Amino acid sequence: MMDAYTEAVVIRLGIAILLALGYWITAATGKFSFGHAAFMSIGAYTASILTVKFDWSLETSMLVSGLTAAVAGAFIGWIALRLTILYLAIITFAFAEIVKILLDSWDYAGGASGLFGMRGTTPQLLAICIGVVIVYLFFLTRSRKGLSYEAIREDEQAARACGLGVTRISVEAFAVSAAITGVAGALSAHETLIITPAQFGAPQSLLIILFVVLGGVQYFWGAIVGAVVLTMLPIWFDFLEEYYQITYGLLFVALMILRPQGIVGSGTERRFTMRALARLSPKRGKADGDG
Amino acid sequence: MADLQLRALDITKHFQGVAALAEVTLEVERGSIHGVVGPNGAGKTTLLNVMSGFLPPSRGVVELDGRDVTRLAPQKRVPLGLTRTFQNLRLFGGLTVRENVLLGQHSRARTGFLSLWPLRTAAEKELDRAAEHALEAFGLTEYRRRRAATLPYGLQKQLEIARAVSAKPRLLLMDEPAAGMTAKERLDLVPRIRALRDEGLTVVIVEHDMEVIGAVCDVVTVLNFGRKLVEGAPKVALASAEVRTAYLGT
Amino acid sequence: MLKSGRHTLAPEQPAAALVSGTPTLQVRDLRAGYGRITGIDGISLTVSAGELVALLGANGAGKSTFLRAVSGMIKPWSGSVHLRGDDVTGQRSDRLVRAGMAHVPEGRRVLPTLTVEENLRLGAFARRGDGDVDADLDGVIARFEPLRERRNQKAGTLSGGEQQMLAIGRALMARPTILLLDEPSLGLSPRLVGEVFALIRDLASEGLTILLVEQNVKQGLGCADRGYLLSTGSVVMTGSAKELLADPAVVGSYLGARGRDA
Amino acid sequence: MLIQQLVNGLLLGTTFALIALSFNLVVGALDRLNFALGETAMVSAICGALFMSQLDITFVLAFLAALAIGAVVAGITFLLSFRFVSAEYHTAPILSSLGVGLVITSLVTRVVGSDQRRVPSVLEGVRIEIGPLRIVGDQLIILSVAALMTVLLYGFLNRTPWGTAIRGVSDDPDMAGLLGVPVQRVILLTFVISGTLAGASGLLTGLSFHTVSPFTGFETTLTALMVIVLGGLGNITGGVVAALMIGVIETLTVAYLSATYRDLIVFLLVGITLVARPQGLFTRNTGVVGRV
């Protein structure tokens, strides 16, 4: 058994990983949402209402959360994904704000003062969720569907010419992404034990983006790296807590200038890594030279 | 009656009030190689974009095998047997050569919501073999793992055709396939296009290069200022007085 | 492809250059490219005052890359560019315009939402405050008569030929000492191609120094004093236009069937 | 009563128009959004308010200072979030300007505290009455300053060489460079002008509510985004018209429905517009949207 503190850290870490993996799916198609916290809050409120007011089990409520978030994601995706990246940014941005306003004035769910009465979650449940998502991503990235995500990220017109239903594929990716984010929201609500609309504001959305952008979009495990780094940093350096906004802000700025492709992966220059690896390990270098 | 595979009827396309195409009709016979030529700005590429679904026409109807496809999105025309290439290459530069070909097969593969189960069906194995064949046929096998963007220009052009053919189309629209090619590459292009036709493909070529058009086409349509000028066998059409005027001035 | 690597037909410096002293444009051993892909691999070239020099080669030979590296659109990897004796290697395009180099890129690139007049005036941006801009504007419009009635029309609505005229006229507004023209005939009908080359000849006969990049060897050499032939990023042959046109290797490799027909 | 609300709405709309112009200028120059402009407006407003209340500086000077601060902040944002960020990554400048926004907000709360600041009235005692309509001094200032700045901007863009250069860079930056236009300097100029407009909008909005808070940056950005989407991304005139519309709609909602529904109704309106006409209500600035 873990002590309570370790357990809390592990759960927080797990939720961050789940959020990052969920976001990675839409980022893989090149579509960046700026309001994923909205799907988190939809998931959190759905699950909490079901467990607190209807006494459902967390497992079932969690699945319903995922489904609700997926529906919301499909709807927003359908509006926004036919348009350009800037529009997608604006619409998702605004969507998160609408959800916040609606929750703020929804008295049944506690309004601005929030909802409480949840009974907690376990690291095991979280581990199962992450496991399922990782297995899904493992197969996804090796399938034609995963390939079509990359194709859309590269060139939408060419993808259309190849017969790819770009909107359908991106909406599907967006909905799956929202579902996973919704489940993460449900679990996080049962970890914090009280949820308020304010928790799911723009800073939360930005944090989720930062996980993936820091990690890199190229491989899904990059997102895990980003989530782990950004969750552990404030725990290791607790002085960051006070300056977290400035830190995150500066992190965004520095990252975009120095490594917009993230820690993991090499962006467009895939071969560059091979060269870097070749330089690091003499064996590989030789093999490269021969070939 | 001629067996028409593609009909573009009275196509008109306005861009901000300026007509790029005015009531142009193009009838493509099954199994033919149909050339579309004309001076720059004549509306050739616009016509090709309308036929492939990348631009909706302001007026007019596009029929594929007798079916009205005017409002159908480009990706929905692919399963009906229509694919295209682009004037300026549109490859997935960051993906490998083989992945580009696999994407060309998209409309033939299962891609539904749950289609990522790793067990591969016989049909999918067949597709993989088809991809290898396509690579082989276009001389790309040795580059299959290279990123498409790193290929030399000529091979990129080949890859684009290989990708388009991988959808097993019955009709291929080619937008200036000879653009940017050396004289030698242009000469190689002619038998290659003929071979596509001999495999049962109908080909529509938009092209600047009269030599390629003259050598390969069964029928040529000449456009000028968005209107159809002449149509007919290349020798006759290209030699007509109207065409000489359009190209050379008085 | 040519059999031998380098095939110099004439001395590097023609008589004209020796007379006028410092060449207008001198490029030495320029290398440049995109990403990791080499576009041009050590090109040296000289254009003397009043000369019309043609840079020829098939697509992908590196002609446009060369012009882009010379005019500051991309940073050269190594080598040097001297404009009237001053080292201008790797300088930004707007500085080079002020130093007297005007580059009309491939595809004309008029600014579509600006009017014809605004396009022309922007061509003289570096000369703001110099009172002759209005006079030059009238001069350019007099030269390209069809632009007169379109003066207040958005440039994006012009035809291809008109856009090419506007692009050249706009470059002249900077009062360049050297004009770089990248495939001015691209995408124009043969009739318009004839007009554009007549214009280039006129400009040259008025004494403007021109570096012309062309894919069409016959047209390009037809109006040039000297030519450089490029293949896969290097100069494979150079000489006077007459000599190059008469060389069977040139005719064989570059003109192909087309050249014999024409 | 309705007339009075309409006029109030138009007045609110003029401040929106300034911030929308500010966003649209950057969209035109770079096809990118500067998500820190809301915070830029906030900094200018807070500083202007402090100058007026603490240092007893007249409105005119405080306003000019707000413009200057907006310009400087936007210039810095350009250097941090755009100048050195690779153009290959479309979302990169969105993220880094959001980052700059976060930093601005935290810096302001750290330096001057998170209290709301009062903006004293200007031209007290001045009041125009036309029938039932009443316009007070503050509103007069807002209206005339916003109108003046809009007219000046139009004149600048259409009648001066630098204005033409801004539009040229917005069409095709590489080509503009080949014509001798110093592109990076022109883009910096665009950011500076856009910051000036944001600063003006910030202080004028503060003047209309008589209060400014360091947490309004995000809200301002959101409103501006709604306006420019409604008006067509990058369409300068469309943005101005949409701003006036949204100003009126917000005011009427608050007056006749409830303040809670204010944002909701605007969001819904924009959502419906997008579904029906993705390019916005007005014909877009061709080229820009296609390239974004």
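Quick caveat: nothing in here was measured; it's all calculated off a predicted structure.

Engineer: Please provide a residue-by-residue account of the overall build of chain D, values included.
Structural biologist: Within chain D, the regular secondary structure consists of 12 helices and 4 strands. A compact globule built from 292 residues would reach a C-alpha radius of gyration of about 19 Å, and chain D, at 19 Å, matches this within 12%. In terms of principal-axis extent, the alpha carbons of chain D reach across some 55 × 45 × 35 Å. Within chain D, the proportion of its 292 residues that are buried is 58%. Contacts in chain D between residues far apart in sequence, at least 24 positions, make up 75% of those at least 6 positions apart. In the form shown here, chain D has an accessible surface area of approximately 11100 Å², with 67% of it arising from carbon and sulfur atoms. For chain D, the distance from the average position of its 14 positive side-chain charges to the average position of its 14 negative side-chain charges is 4 Å.

Engineer: So what's going on with the packing of helix α1 (residues 2-30) of chain D against helix α8 (residues 183-209) of chain D? Which residues, and what values?
Structural biologist: Residue and element names in this part refer to chain D. Put simply, α1 and α8 touch, their axes get as near as 8 Å, and they point 165° apart. As far as their axial angle goes, α8 and α1 are roughly antiparallel. As for the relative orientation of α1 and α8, their crossing is left-handed in sense. Two secondary-structure elements touch here, α1 through Leu12, Thr15, Leu18, Ile19, Leu21, Ser22, Leu25, Val26, Ala29 and Leu30 and α8 through Ile187, Thr190, Phe191, Ile193, Ser194, Leu197, Ala198, Ala200, Ser201, Leu204, Thr205 and Phe209. Class assignment of the residues belonging to the contact of α1 with α8 gives a composition of 16 nonpolar, 6 polar and no charged.

Engineer: How would you sum up the nonpolar core? Please name residues and give values.
Structural biologist: Judged by nonpolar contacts, the single largest core of 235 residues is most densely connected at Leu18, Trp24 and Leu187 of chain A together with Leu140 of chain B. No other element matches the 14 residues that helix α4 (residues 85-104) of chain A contributes to this core. Each of domain 1 (1-81 + 173-250) and domain 2 (90-168) of chain B contributes no fewer than three residues to this core. Trp24 of chain A has contacts with Leu137, Leu140, Thr141, Val212, Gly216, Val217, Gln218, Tyr219, Phe220 and Ala223 of chain A, leaving out every residue within four places of it along the chain. Membership of the second largest hydrophobic core comes to 48 residues, among which are Leu120, Met173, Leu181 and Ile200 of chain C.

Engineer: So, empty space enclosed by the protein: which residues are in play, and what are the values?
Structural biologist: Residue and element names in this part refer to chain D. Summed over all chains, the structure comprises 9 cavities of 30 Å³ or more. Within this model, the largest cavity holds a volume of roughly 70 Å³. Lining the largest cavity are Glu219, Leu222, Thr223, Met226, Glu250, Asp263, Val266 and Phe267. No other element matches helix α9 (residues 217-231), which puts 4 residues into the lining of the largest cavity.

Rules used in this analysis
Residues numbered from 1 in each chain as written. Chains lettered and ligands numbered in written order. Predicted model: local features only at pLDDT ≥ 70, side-chain atom pairs only at ≥ 80, totals over all residues. Heavy atoms only, no water. Helix = DSSP H or I, 4+ residues; strand = E, 2+ residues; numbered from the N terminus. Rg over C-alpha atoms; globule rule 2.2 N^0.38 Å. Buried < 20%, exposed > 50% of the residue type's maximum accessible area, 1.4 Å probe, protein only. Contact = heavy atoms within 4.5 Å. Areas by Shrake-Rupley, 256 points an atom, 1.4 Å probe, with all protein chains shown as cover. Lys, Arg positive; Asp, Glu negative; His and termini not counted. Charge placed at Lys NZ, Arg CZ, Asp CG, Glu CD. Axes fitted to C-alpha atoms, helices over the stretch in contact; angles between N-to-C directions. Parallel < 35°, antiparallel > 145°, perpendicular 65-115°, else oblique. Left-handed = near helix turned anticlockwise from the far one by under 90°. Nonpolar A, V, L, I, M, F, W, Y, C, P; charged D, E, K, R; others polar. Core = buried A, V, L, I, M, F, W, Y, C linked by side-chain atoms within 4.5 Å. Domains from an automatic or database assignment. 1 Å grid on protein atoms, 1.4 Å probe; cavity = no way out; pocket = protein on both sides within 12 Å on 5 of 7 lines; lining within 4 Å. Points joined across faces, edges and corners; volume = space filled by probe spheres on them.

So yeah, pure geometry; function would need other evidence.
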